[in-house]
Amino acid sequence: QVQLVESGGGLVQAGGSLRISCAASGGTFSNYDMGWFRQAPGKEREFVAAINWGGKTTIYADSVKGRFTISRDNAKNTVYLQMNSLKPEDTAVYYCAADRASWPLRQSGNEYDYWGQGIQVTVSS
């Protein structure tokens, strides 16, 4: 059983930056691809980014491409999401998720096995 705990969320002004983290425990972190998803009030959960088990391959939603960067440190059992040039529409609860390593990287949340509790990111205009 893998436990995931997000941290680093908060309030930031439009155009600003924020880095959120997700610490994993209870499993072999490098056995899992990792993803970030988000859910805004009244909207469905959506895919944001994913990174493969070794950190060499990443994919992004079109809405965040060029602004967000996903990375991981397998020695620290942690995945990160660096968010730059934030927009009010990025406001959401952000969730990290773990998927037993597969190919290609998955964008559907239904394919992920473990989820964090979520963390709020609010971007003010």
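Refer to the structure printed above.
Given the structure is predicted, the values throughout are model-derived calculations rather than measurements. (Residues numbered from 1 in each chain as written. Predicted model: local features only at pLDDT ≥ 70, side-chain atom pairs only at ≥ 80, totals over all residues. Heavy atoms only, no water.)

**Overview of the side chain of S21**
Moving on, step 1. Among the secondary structure elements, S21 is positioned in strand 3 (residues 18-25).
Moving on, step 2. Sequence-distant contacts of S21, defined by excluding residues within four places in its chain, comprise V5, E6, S7, W36, T78, V79 and Y80. (Helix = DSSP H or I, 4+ residues; strand = E, 2+ residues; numbered from the N terminus. Contact = heavy atoms within 4.5 Å.)

**Describing the nonpolar core**
Moving on, step 1. Core analysis: the biggest nonpolar cluster contains 38 residues, and L4, M34, W36, L81, M83 and Y94 have the highest contact counts within it.
Moving on, step 2. Of all elements in the fold, only strand 3, strand 4 (32-39), strand 5 (46-51), strand 7 (68-73), strand 8 (78-83), strand 9 (92-100) and strand 11 (119-124) reach the threshold of two or more residues within this core. (Core = buried A, V, L, I, M, F, W, Y, C linked by side-chain atoms within 4.5 Å. Buried < 20%, exposed > 50% of the residue type's maximum accessible area, 1.4 Å probe, protein only.)

**Let's talk about the state of the cysteines**
Every disulfide links exactly two cysteines, by a covalent bond between their sulfur atoms.
Moving on, step 1. Under the counting rule described, the total for this entry stands at one disulfide.
Moving on, step 2. Residue pairing for C22: its cysteine sulfur links by disulfide to C96, the two sulfurs lying 1.9 Å apart. Between C22 and C96 the disulfide shows an S-S torsion of about 45°. By sign, it is right-handed. With C22 in strand 3 and C96 in strand 9, the pair connects residues that are 74 residues apart, well separated along the chain.
Moving on, step 3. C96 gets classed as buried once you look at its relative accessible area, which sits at 0%. (Disulfide = S-S within 2.5 Å.)

**Examining the packing of aromatic side chains**
Moving on, step 1. Scanning the entire structure with this criterion turns up six aromatic pairs.
Moving on, step 2. With 6.5 Å between their ring centres and 75° between their planes, Y95 and W115 make a pair best called edge-to-face. Here Y95 is found in strand 9, whereas its partner W115 is found in strand 10 (residues 114-115), with 20 residues between them in sequence.
Moving on, step 3. Given a relative accessible area of 28%, W115 falls into the partly exposed group.
Moving on, step 4. Through a chain of ring-to-ring contacts, the aromatic side chains of F37, F47, Y95, Y112 and W115 assemble into a single cluster.
Moving on, step 5. Between R45 and the ring centre of F37, over which it is positioned, the NZ or CZ distance is 5.8 Å.
Moving on, step 6. Above the ring of F29, the side-chain terminus of R72 is found at 4.3 Å from the ring centroid. (Phe/Tyr/Trp six-rings, centres within 6.5 Å; stacked < 30°, edge-to-face > 60°. Lys NZ or Arg CZ within 6 Å of the ring centre and 35° of its normal.)

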